[in-house]
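# Structural features, examined
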Amino acid sequence: MTKGDPTPVIRYSVRHRTTYQYSAQMSDGYTLTRLIPRTTDHQRVARCELHVDPEPDERRSQVDAFGNHVVQLGLHHSHAHLELAAHSDVDVTVPAEPGPGPRWRHVAAQAASLTGAAALDVRPFLAASTYVNLDAVGDGLRRLVYELAGRPAPTIDDDVGVVDLTRRLCAGIHSSFDYDPSATDISTPLATVIAERHGVCQDFAHVAIGGLRAIGIPARYVSGYLETARPDGPDALVGADASHAWASVWVPGGGWVDFDPTNDLLPTVRHVTVAWGRDYGDVAPVRGVVIGPPTAQTLSVAVESRRVTADRPPPGDW
Amino acid sequence: MNDRRSELTAATLPFAGLLSDVTVLRRMRAEADRMLAARGAAHLVAVPADGQPAPGRPWSIDPIPVVIDGATFDGLAAAVVERMRGLERLVADLYGARTVVQSGVVPAEQLVRSTAYRLSHVGTTGPPRWLATYAVDVARLRDGTWRVVQDCTDAPSGLGFALLDRSVMVRVASDVFGRSPFGPVASITGFGSELRRALATVTNAPGPRIVVFTQGPRHPAYVEHSYLARHLGFHLVEAEDLVVRRQRLWLRTIGELEPIDVAYRRVDDAACDPVELFSNDRGGVPGLLGAVADGGVMMANGHGTGVLEDPALVPYWPKAIAALVGETPRLAPFDDAARAIGIDATPSFLDGELTEAPVVIRLHGVAGPSGIRVMAGGNGRVLGIGDDPDQPTALAAKDVWVLGAQRSSPVVLGPAMAQVDLSRSVPTRAADAFFEAGRAVERAGVVARTIATVGVRREQDPALDVDTGGQWGPRMVELLRTVCDEPLLVATEEALAGMEAGDHGGVGAAMQGASRVLAEQLRTLVASATSIGEYLPGTAARVLARLAGLRAQLAARTVGLDMADDIAADLAAFDGLWAESTVRGDAWRFGDLGRRLERARAVAGLVDACRPRSETALTQAVNIEVMLAVNESLNAYRRRYRTDIEPRLAIGFVVDHDDNPRSLVSAIGRARHHAATLGWPDGVATAEQILAALPAVSRDPDLITGVRDDVVRFLELVDRTWFATPVNPIRMRPVRGSRG
């Protein structure tokens, strides 16, 4: 893009299907979903529908403490499968390339002393959380940050900008961790991910936010989608055919800057945000219980996120 | 140094004459134990349900109370009111405006990392009252100052124990009560209605339906939950009794769902709702917190109040409360300085000796329509050596006496609460427990009587098996197997092989197996009856406690004849309470249905095992006599027929003789009546089908096997029709990103 062009807006059409199959008939099911993309500084949701099969007996929409959309479903009749299909059209503006950011030491000091509304908005993302247990792995994460972001390692000068530091950390995770879906599962502790240096997007996002929090910088976990590779393009990204996860760092004066350690991207350019929170636990796409006889369950997920030509020009205020 | 002697001791001195006599104390202690057992506080101890010993009463009672003079109590009560009010303001702020977070007094990052802080409640309309009940542990130091050891806000326990302990102490110490030179001891009996009112205050619903929500008999304070439910007249419910629909909480009852307005939550907040992220694997009610967030049901205390107890956050509270209410708490915390000074010692009766020990006192406040009320009593807990004051080992509990009648909770005469008649509704689980208890009492009875009858016979007639050509022993083994409804495999093989000489063909081994079955049935009986204790007459607990004790002995060895007799007698006592002292609602009806059907099965089994086959007349007569004896019909038969035992006549007497209350026809007739009362046509039809088959049995005893199968199918039909209970929630697999 050249200077003076209007900020480009890309419309993504996202189809996300999650299917559970049970080996027995369930009599009841209670499900909380976070599948409807939220509005952010960089995206606007033009349309979103959540199709549920079988038709639920109860369905409620609400907004959680982080502003994410939650749809609560109650299925009170016999069923052996549950299919959740979210179709959304999302207009995304590509964020501008950020500068180096304020000095990271300064950011850490500022974050810990925020008051007023900012204390509510930002300080929760300094804390240890369910999947980012700083009590157990804080020291390890701190060492990791100094190793991956130090120039020369393990030294990070006090005047390094917080965005630059994050950029280095993002690249460091990308280059020193192996992407390996077979290596971890949802219950793999962060300590294992750090020690063995492999995992999936979720694990890398937790390493990134854990590393930043360990040195006092607020960071949050983001769930969403990556653009599916164009058939003619060589630019396939990891995580495009499933839901994806990345991280976001707090930059005073500049808001939050998203980055994707799985693909070494800062800022994120082909991403559609669904929800954010302290870690995976706050944004799990589907959580719930079923009631019935002991059952085997299979879970399958399919995601497609494609650019479409907007059938109308973007709204004027974009 | 006499100054160091506490006011507590000084206040106790007037009682010293009575309370320093070890003999008197020992008698009081024994009496207290006996009465606690009678009130249901002890029998749980002996009932391992899943291999783990079940928790009973956490500690026994020390007959020497903690005595607090009126003025001291007034100061403490003011502190309780102040703290409860301050904590209410604080928790409302933490889930509401969060001004203390915005000002930095409570660091946001510390707050959200607490596993007891429920982010999901932030921004929702909070309950009218977060803290309906509150408890605080206080201790008096050697320097005479009082300190706060801890606040209890999530599901404060002890209030029910205080009422229970007082009801025992009033009787044990009747000699002492009312004779204090300071005036009488404050009564706490009115506090139950204060609690009831406080629970009604957390909702705007008129005439609210309130339940006591417990984690069940495995919870360490279940005795208290059960006592409170009885005392308050509320249903005692467990997670499986409840279901969430349309953002409301409902009680599963026989026939329908009843809406619930307030759940008096005796359940840790992590065990409330398995859908929630922080939930543990202890079950819960799926969707409950969604209903709470929507205001469809109120919890008392509010869900999320546990955050006030988080030790990592407690240090921030004094400043936060001061910021909200503009005053600093009058009682200082039990800090290192307090630890160094030490808790004052109080006279105690431990291990049969009069001694002095440090005591922590739990005081209770409830927030009712007319403000906060503080119980003029509480729980004193004796600390063991090296005990942390907030985690005392189960040493002994003390009643807390406040001197001065003017401090007693008045009997509340405020506007009457609208009454909701929940007496017709029976939680499905309670009906199921009644059914199981009814079955177990009957099965235990028949097994105990069989063991006693066969055992006596064997003792009286050591040569019986030889005299009958080896026919008697195997038949008795078959009988034991039938009444136990278990193969008793080892015994059977031994019996068939006839290996064990002098054992009447394996009867001894079969009796060993039968005592195991008896122990199992007693366990089921005590466990089921415990979970429906609020429906049973008070005396039932005493009988159950005795049965639990006998069961514990049984588990260790084969039942002796005396013990089988004792068990049969206690079961008969339970029978009497069942028949004469239990209100005959639908709950009782299911219990009686279980009993009648199980009795029908037992009679059919007896006839099947003892009916004449190809034996000698002598053997036939012996077998039939055993049948009559086990069925408790021998004397009745003799009085009626005044003949030697004639098999056909005897079988007719236990199968289709209307006048014999222990006959099959009587049992099925009662079952038919219950089915009709429940409005259950399938049950009536099944009963009538069995009744129609009975007359033919005395002509052809071989037909009894078909009758027995029909009775078993009837039992299964009840289970399927009424108690198809929900199974435990199964978690859906988590979705993982990136080709997970």
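All of these numbers come straight from a predicted model, not from anything done at the bench.

To continue, consider the overall build of chain A. Scanning chain A from N- to C-terminus turns up 7 helices and 14 strands. Rg of the C-alpha trace for chain A: 20 Å, near the compact-globule value of 20 Å for 318 residues, within the 12% margin. Projecting the C-alpha coordinates of chain A onto the three principal axes gives extents of approximately 60 × 50 × 45 Å. In chain A, which comprises 318 residues, the share counted as buried stands at 57%. Put simply, chain A shows about 12800 Å² of open surface, and 51% of that area lies on carbon and sulfur atoms. Side-chain charges of chain A comprise 28 positive and 38 negative groups, with the mean position of each set lying 4 Å from the other.

On a plain count of helices and strands, chain B comes out with 27 helices and 17 strands. Among the 740 residues that make up chain B, the fraction classed as buried is 59%. Within chain B, contacts between residues separated by at least 24 positions form 73% of all contacts whose residues are at least 6 apart in sequence. With the model as given, the accessible surface of chain B reaches about 28400 Å², and the carbon-plus-sulfur share is 51%.

Residue and element names in this part refer to chain B. Leu-90 and Leu-94 are the most contacted members of the largest nonpolar core, which totals 122 residues. Among the elements that make up this core, the one with the highest residue count is helix α4 (residues 70-94) (11 residues). Excluding anything up to four places from it in sequence, Leu-90 contacts Val-100, Leu-308, Trp-317, Ala-320, Ile-321 and Leu-324. Counting 101 residues, the second-largest nonpolar core is a separate cluster that includes Ala-433, Ile-451, Leu-480 and Ala-604.

All names here are of chain B. The buried fraction of strand β3 (residues 146-152) is high, at 6 of 7 residues. Inspection of the sheet shows strand β2 (residues 133-140) paired to β3 by 6 bridges, in the antiparallel sense. Residue pairing across strands places Ala-139 opposite Arg-147, the latter belonging to β3. Where β2 folds back onto β3 in an antiparallel hairpin, the turn is made up of 5 residues, including Gly-144, whose phi is positive at roughly 90 degrees. Looking at chain direction, β3 and strand β11 (residues 332-333) are connected through 2 bridges and run parallel. Opposite Arg-147, over in β11, you have Ala-332 as the bridge partner.

Right, let's get into the sheet that holds strand β5 (residues 69-75) of chain A. Pairing within the open sheet is antiparallel, and its 5 strands lie in the order β4(A)-β5(A)-β2(A)-β13(A)-β17(B). Of all the strands in the sheet, the pair left with one neighbour each is β4 (58-63) of chain A together with β17 (729-731) of chain B. Strand-to-strand twist across the sheet, computed as the mean angle between neighbouring axes with direction ignored, equals 15 degrees. Relative to strand β13 (residues 286-291) of chain A, strand β2 (residues 28-33) of chain A is paired through 6 bridges, and the arrangement is antiparallel. Looking at β13 of chain A, one finds that Thr-33 of chain A is bridged to Val-286 of chain A.

Our focus in this paragraph is the confidence of the model for chain A. The predicted model of chain A has a mean per-residue pLDDT of 89, with 91% of residues at 70 or higher. In the predicted structure, residues 312-318 of chain A sits below a pLDDT of 50 and forms 10 contacts with residues beyond four places in sequence or in another chain.

Each partner contributes residues to the interface: chain A has 62 residues there, and chain B has 40 residues. Viewed at the interface, chain B and chain A are joined by 4 salt bridges. A salt bridge links Asp-135 of chain A to Arg-113 of chain B; its shortest N-O distance comes to 2.7 Å. For the interface between chain A and chain B, the tally reads 18 residue pairs in polar contact (both at pLDDT 80 or more). For the side of chain A that touches chain B, the secondary-structure elements that each account for two or more residues are β1 (9-26), β2, β4, α2 (117-122), α6 (201-214), α7 (280-283), β13 and β14 (297-308) of chain A. Top contributing element to the side of chain A that touches chain B by residue count: β13 of chain A, with 6 residues. Here 3 bridges tie β13 of chain A to β17 of chain B, and the two strands are oriented antiparallel to one another. By the bridge assignment, Val-290 of chain A is partnered in β17 of chain B with Ile-730 of chain B.

A word on the packing of helix α4 (residues 162-176) of chain A against α6 of chain A. Packed helix pairs are specified by the crossing angle of their axes together with the interaxial distance, meaning the distance between the axes. Residue and element names in this part refer to chain A. Where α4 meets α6, the axes come as close as 11 Å, and the angle between the chain directions of the two elements is 145 degrees. The way α4 lies across α6 gives a crossing that is right-handed. Only Phe-204, Val-207, Ala-208 and Leu-212 of α6 make contact with α4, whose side of the interface consists of Leu-165, Thr-166, Leu-169 and Ile-173.

Turning to the sheet that holds strand β9 (residues 262-265) of chain B, a few remarks are in order. Residues and elements named next belong to chain B. Taken together, 4 strands build an open sheet; the order of strands is β5-β4-β9-β10 and the sheet is parallel. Two strands close off the open sheet at either side, each with one partner strand: β5 (235-237) and β10 (298-300). On average, adjacent strands in this sheet sit at an angle of 30 degrees to one another, irrespective of strand direction. In this sheet, β9 lies alongside strand β4 (residues 210-213) in parallel orientation, the contact comprising 4 bridges. Of the residues in β9, the one forming a bridge with Ile-210 is Val-262. Packing against the sheet, helix α9 (residues 222-232) makes contact with β4, β5 and β9, and its axis sits at approximately 150 degrees to β5.

Before going further, it helps to spend a moment on helix α27 (residues 704-722) of chain B. Here α27 of chain B is 19 residues long and its end C-alpha atoms lie 27 Å apart, about the 27 Å a rise of 1.5 Å per residue gives. Residues of α27 of chain B that are buried include every one of Ile-704, Val-707, Arg-708, Asp-710, Val-711, Phe-714, Leu-715, Leu-717, Val-718 and Trp-722 of chain B, and no others.

Before going further, it helps to examine the environment of Thr-124 of chain B. By the element assignment, Thr-124 of chain B lies in the loop between α6 (108-113) and β2. Along the backbone, Thr-124 of chain B and Gly-96 of chain B are 28 residues apart, and their C-alpha atoms lie at a distance of 7.9 Å.

Further remarks concern the environment of Glu-309 of chain B. Residue and element names in this part refer to chain B. Mapping Glu-309 onto the fold places it in the loop between β10 and α11 (317-325). With 157 residues separating them in the primary sequence, Glu-309 and Cys-152 have C-alpha atoms 6.5 Å apart. In this structure Glu-309 touches Asp-151, Cys-152, Thr-153, Asp-154 and Val-314, once residues within four positions along its chain are discounted. Only 2.6 Å separates the side chain of Glu-309 from the backbone nitrogen of Thr-153, close enough to count as a polar contact.

Looking now at the pattern of salt bridges. Counting across every chain of the model gives 57 salt bridges over all chains. Two residues, Arg-307 of chain A and Glu-227 of chain A, come together in a salt bridge whose shortest N-O distance is 2.8 Å. One end of the pair, Arg-307 of chain A, is in strand β14; the other, Glu-227 of chain A, is in the loop between β9 (219-226) and β10 (244-251), with 80 residues separating them in the sequence. Overall, the relative accessible area of 35% leaves Arg-307 of chain A in the partly exposed class. Ionic pairing is found between Arg-595 of chain B and Glu-442 of chain B, a salt bridge with its closest N-O pair at 3.4 Å. With Arg-595 of chain B in helix α20 (residues 586-610) and Glu-442 of chain B in helix α13 (residues 428-460), the pair connects residues that are 153 residues apart, well separated along the chain. Neither residue differs from the other here; Arg-595 of chain B and Glu-442 of chain B are each classed as buried. Residues participating in the shared-partner salt-bridge network are Arg-439, Arg-443, Asp-485, Glu-598, Arg-601 and Arg-708 of chain B.

Time to look at the side chain of Glu-615 of chain B. Residue and element names in this part refer to chain B. Checked against the element boundaries, Glu-615 lands in the loop between α20 and α21 (617-630). Its relative accessible area of 10% is what places Glu-615 among the buried residues. Here Glu-615 is in contact with Gln-471, Arg-475, Gln-620 and Asn-623, once residues within four sequence places are set aside.

With that out of the way, let us pick up the packing of α21 of chain B against helix α22 (residues 634-641) of chain B. Residue and element names in this part refer to chain B. Between α21 and α22, whose axes approach to 7 Å, the crossing angle comes to 110 degrees. Looking at the two axes, α21 sits roughly perpendicular to α22. In this structure, α21 uses Glu-625, Leu-628 and Ala-629 to contact α22, whose residues at the interface are Leu-634, Tyr-637 and Arg-638. Considered class by class, the residues forming the contact of α21 with α22 number 4 nonpolar, no polar and 2 charged.

Caution applies to low-pLDDT regions: their predicted coordinates should not be interpreted in detail. Residues and elements named next belong to chain B. Per-chain confidence: chain B averages 83 in pLDDT, with 85% of residues scoring 70 or above. Within the model, pLDDT remains below 50 along residues 1-10, and this stretch shows 18 contacts once partners closer than five positions in the same chain are excluded. Residue range residues 42-58 is modelled with pLDDT below 50. Its contacts to residues more than four positions away, or to other chains, number 49 contacts. Among the prediction metrics, the complex's ipTM stands at 0.90, with pTM recorded as 0.82.

Cut-offs and rules
- Residues numbered from 1 in each chain as written.
- Chains lettered and ligands numbered in written order.
- Predicted model: local features only at pLDDT ≥ 70, side-chain atom pairs only at ≥ 80, totals over all residues.
- Heavy atoms only, no water.
- Helix = DSSP H or I, 4+ residues; strand = E, 2+ residues; numbered from the N terminus.
- Rg over C-alpha atoms; globule rule 2.2 N^0.38 Å.
- Buried < 20%, exposed > 50% of the residue type's maximum accessible area, 1.4 Å probe, protein only.
- Areas by Shrake-Rupley, 256 points an atom, 1.4 Å probe, with all protein chains shown as cover.
- Lys, Arg positive; Asp, Glu negative; His and termini not counted.
- Charge placed at Lys NZ, Arg CZ, Asp CG, Glu CD.
- Contact = heavy atoms within 4.5 Å.
- Core = buried A, V, L, I, M, F, W, Y, C linked by side-chain atoms within 4.5 Å.
- Pairing = 2+ DSSP bridges.
- Axes fitted to C-alpha atoms, helices over the stretch in contact; angles between N-to-C directions.
- pLDDT = per-residue confidence, 0-100.
- Salt bridge = Lys/Arg side-chain N within 4 Å of Asp/Glu carboxyl O.
- Polar contact = N/O pair within 3.5 Å; in protein donor to acceptor, adjacent residues only side chain to side chain.
- Left-handed = near helix turned anticlockwise from the far one by under 90°.
- Expected span 1.5 Å × (residues − 1).
- Parallel < 35°, antiparallel > 145°, perpendicular 65-115°, else oblique.
- Nonpolar A, V, L, I, M, F, W, Y, C, P; charged D, E, K, R; others polar.

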